[in-house]
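Fold and geometry: a report
The chain contents come next:
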Amino acid sequence: MASGAHERAQRGVEDGWICVGVLSGAHGVRGDVRLKSFTEDPEAIFAYPALHKGAGGAQVSLKRLRADKEGFIARMDGVKNREDAQALKSTKLYVPRDAFALEEEDEFYLADLIGLNACDEAGATVGFVRAVENFGSDDLLELVLEKPLPGLGRFAFIPFRKVYVPDVNLKAGTVTIAFDAWVETQVSERDGDEAVGKSGEKS
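Residues numbered from 1 in each chain as written. Predicted model: local features only at pLDDT ≥ 70, side-chain atom pairs only at ≥ 80, totals over all residues. Heavy atoms only, no water.

Overview of the packing of aromatic side chains
What counts, and what does not: Any two of the Phe, Tyr and Trp rings considered here, Trp counted by its six-membered ring, make a pair once their centres fall within 6.5 Å; the pair's planes then place it as stacked at under 30 degrees, edge-to-face at over 60, or tilted in between. By definition, any uninterrupted DSSP run of H or I lasting at least four residues is a helix, any uninterrupted run of E lasting at least two residues is a strand, and each is numbered from the N terminus. Remark: exposure states derive from per-residue accessible area (1.4 Å probe, protein chains only) relative to the maximum for the residue type, with buried under 20%, exposed over 50%, and partly exposed in between.
By the definition in use, this model includes 2 aromatic pairs. For the ring pair Phe-46 and Phe-72, a centre distance of 5.1 Å and an interplane angle of 85 degrees mean the geometry is edge-to-face. Of the two residues, Phe-46 is situated in the loop between β3 (32-37) and β4 (51-53) and Phe-72 in strand β7 (residues 71-76); the sequence distance between them amounts to 26 residues. Considering the side-chain rings of Phe-179 and Trp-182, the 5.9 Å spacing of their centres and the 25 degrees angle between planes classify their relative orientation as stacked. Of the two residues, Phe-179 and Trp-182 both sit in helix α2 (residues 179-199), 3 residues apart, roughly one turn of that helix. You'll find Phe-179 and Trp-182 in the same group, each marked buried.

Given below as structure tokens:
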């Protein structure tokens, strides 16, 4: 199973465009912007010949100033003060999808998983993939479940690892989830947290 060597969890594919980063606010008073990169190599975002504000939006030019704890500090053409930079907060940056070349037939972008039916290992549908997220560690598939799970609810975040996601079939429109193994892990973690909580209660 390959996830595509070029990109980490993309925040979405929109009509042939791929989101490669987002502006996260202003830095200083000269119009510098904070930038969070979604590319596998974070520096690669500065190598694209053209970045666009939104899918198919206006083209922008970014200059890397330095790395920052959450990404980069950069300078954008036309942004001259802190107010202009702050107004761009949450602006997503896109490149045309054809800017990427997948090297193998079985490679794909993680954004391609969005919308696929999620099946257990017996082939039964358990839900669908609503999003791909990354909160700093594993890439996670966010599933909307057909039936809520007791104590776990209607949504599931499945680590995108072989042990939990043994197969992806884009042609069939499915992703296979080792659902029982994941549920067992969640129940064990929940019971462990409850046990820790009880041990800390006053007698």
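Moving on from the coordinates now.
Here's the deal with the confidence of the model for the chain
Applied cut-off: Every residue carries a pLDDT, the predictor's confidence in it, which falls somewhere between 0 and 100. We call two residues in contact whenever any of their non-hydrogen atoms come within 4.5 Å of each other.
Residues of the chain with pLDDT of at least 70 account for 80%, and the chain-wide mean is 81. Below pLDDT 50 for its whole length, residues 1-12 participates in 57 contacts with residues either more than four positions away or in separate chains.

Quick word on the sheet that holds strand β14 (residues 174-176)
Defined as follows: We call two strands paired when DSSP finds no fewer than two bridges between them. Fitting a line to C-alpha atoms yields each axis, with helices limited to the stretch in contact; the angle taken between N-to-C directions then spans 0 to 180 degrees.
Spatially, β12-β11-β10-β9-β14-β13 is the arrangement adopted by the 6 strands of the open sheet, whose pairing is mixed. Lying at the two open borders of the sheet, with one neighbouring strand each, are β12 (153-159) and β13 (167-169). The sheet shows a mean angle of 35 degrees between the axes of neighbouring strands, direction not considered. Two strands pair when backbone bridges link them, and strand β10 (residues 125-134) and strand β11 (residues 139-149) are joined in this way by 7 bridges, in the antiparallel orientation. Paired with Val-132 across the two strands is Leu-141, which belongs to β11.

Observations regarding the pairing of β12
Pairing of β11 with β12 involves 6 bridges; the strand directions are antiparallel. Looking at β12, one finds that Leu-141 is bridged to Ile-158. Between the antiparallel neighbours β11 and β12 lie 3 residues, among them Gly-151 with a positive phi of about 80 degrees.

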